[in-house]
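Structural features, examined
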Amino acid sequence: MNKKEYVRSWAESYKNDLTNNIMPFWLEHGWDKENGGIYTCLNRDGSLMDTTKSVWFQGRWAFICAFAYNNVEKNQEWLEASKSAIDFIEKYCFDQDGHMYFEVSATGQPIRKRRYVFSETFAAIAFAEYSKATGDRHYAERALQVFHDAQRFLATPGFLPAKYEKGVEAQSHSIIMILINVGSRLREVIDDPTLTEQIDKSIALLRQYFMHPEFKALLETVGMNGEFIDTNAGRIINPGHCIETAWFIMEEAKLRKWDKSLLDTALTIFDWSWDWGWDKLYGGIINFRDCRNLPAQDYSQDMKFWWPQCETIIASLYAYLGTDNEEYLYRHQRISEWTYAHFPDKDYPEWYGYLHRDGTVAQPAKGNIFKGPFHIPRMMIKGYMLCQEILKKMEE
């Protein structure tokens, strides 16, 4: 393998796929120019199946458009689409208590709230990235306000309904890990000590409570003091989620001049999660595993979803950039070749989201409330950026 040519070819591929496939598809079929924001429930050909709007995706799309603008090319249409979604968020997606909705109608009528603050986290990174793109300080300050609101909601007993009945206490990996990325994105546009404090707190919690060396796994759910919960839910490993966490920590390690302690933590999580997730029979990253190797109980346990593959592509590039270990470049080759052989639709734009374990298509729609323009374009943007950094390092 000519490493330089390999990396250069992927950089070109990511940029081309982003600019000529993914972004045009969503701009044409998803962007609601009448009401603002974006639709994500699109069929294989881009036709609209449901006008319900995911509030997650208003923030995610606004972020992606500004992130692409900031790091790939200064495409004004992307910036306009970002602003459209941001305006829709501000006008329709916050309840009177400041907690955001989960779903709204095409015209912004509330449909559903949930007990999470993921809508807030995605709105915050959208505001921050749009601020970076435009230089408008208002959106940086708005991002920090939404971030602090999310922290307050999480810390206020009873504000968010409990998942379990009284007396059953557990904590989840998901919100802890996402706050690392939110803090990192906001810190690029606004200097506030609570951002690094949250990043440090999240990483400490992951190390102390969620990383379980006895299973060589980062668990999704643990007790309030990190206790292993020996139930179906407590034994769950979500390899894609863990690998996403790994690159969030690698990104932080890089910002701290490749801090060895952070990099070691990230690589440990990545290596453990690759070993659990990589399907040695069919290839690709599998959805769920049980840390005791018992049958995983989720209905989609052996499927291949789009997003774990994307996160693994990013993580493998970060790991190679941080270590020069060719194993991570080989890992990138395996996951990339498998992903690009199975997920892109050969007859229509964009990617499938849901495959059976053997890589055959489970259903062909391009989007729903949970799949839309986020993990795939983020992978392409980050992939392009990381490949450029690797090439620069090779030439030094």
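Whatever comes next refers back to the structure up there.
How each quantity is defined
- Residues numbered from 1 in each chain as written.
- Predicted model: local features only at pLDDT ≥ 70, side-chain atom pairs only at ≥ 80, totals over all residues.
- Heavy atoms only, no water.
- Phe/Tyr/Trp six-rings, centres within 6.5 Å; stacked < 30°, edge-to-face > 60°.
- Helix = DSSP H or I, 4+ residues; strand = E, 2+ residues; numbered from the N terminus.
- Buried < 20%, exposed > 50% of the residue type's maximum accessible area, 1.4 Å probe, protein only.
- Core = buried A, V, L, I, M, F, W, Y, C linked by side-chain atoms within 4.5 Å.
- Contact = heavy atoms within 4.5 Å.
- Pairing = 2+ DSSP bridges.
- Expected span 1.5 Å × (residues − 1).
- Polar contact = N/O pair within 3.5 Å; in protein donor to acceptor, adjacent residues only side chain to side chain.

**What to know about the packing of aromatic side chains**
Throughout the structure, instances matching the rule amount to 27 aromatic pairs. Taking 5.8 Å as the distance between ring centres and 90° as the angle between the ring planes, the aromatic pair formed by Trp 56 and Phe 102 counts as edge-to-face. Note that Trp 56 is positioned in helix H2 (residues 55–71) and Phe 102 in the loop between helix H3 (76–92) and strand E2 (103–104), a separation of 46 residues in sequence. As far as burial versus exposure is concerned, Trp 56 and Phe 102 are alike and both buried. Between Tyr 340 and Trp 351, the ring centres sit 5.2 Å apart and the planes meet at 80°, which makes this aromatic pair edge-to-face. Here Tyr 340, found in helix H11 (residues 326–342), pairs with Trp 351, found in the loop between H11 and strand E11 (354–355); they are eleven residues apart in sequence, far enough to count as distant. A network of ring pairs unites the aromatic residues Trp 56, Phe 63, Phe 67, Phe 102, Tyr 116, Phe 118, Phe 122, Phe 370 and Phe 374 as a single cluster.

**Describing the nonpolar core**
Tyr 14, Trp 61, Leu 186 and Met 250 are the most contacted members of the largest nonpolar core, which totals 136 residues. Broken down by element, this core gets its largest block of residues, twelve residues, from H2. Discounting residues that sit within four places of it in the chain, Tyr 14 has contacts with Ile 313, Leu 317, His 332, Ser 336, Tyr 340, Met 379, Met 380, Gly 383, Tyr 384 and Cys 387.

**Here we look at the sheet that holds strand E1 (residues 53–54)**
Strands sit in the order E1-E2-E3 across an open sheet of three strands; the sheet is antiparallel. Across the chains shown, the open sheet's two edge strands, defined by having one partner strand only, are E1 and strand E3 (110–112). Relative to E3, E2 runs antiparallel, the two being bridged by two bridges. Bridge pairing links Glu 103 to Arg 112 in E3.

**What to know about H2**
With 17 residues, H2 extends 24 Å between its outermost C-alpha atoms, agreeing within 8% with the 24 Å of an ideal straight helix rising 1.5 Å per residue. H2 sits mainly inside the fold: 16 of its 17 residues count as buried. N-capping of H2 is provided by Ser 54, with a side-chain oxygen placed 3.4 Å from the backbone N of Trp 56.

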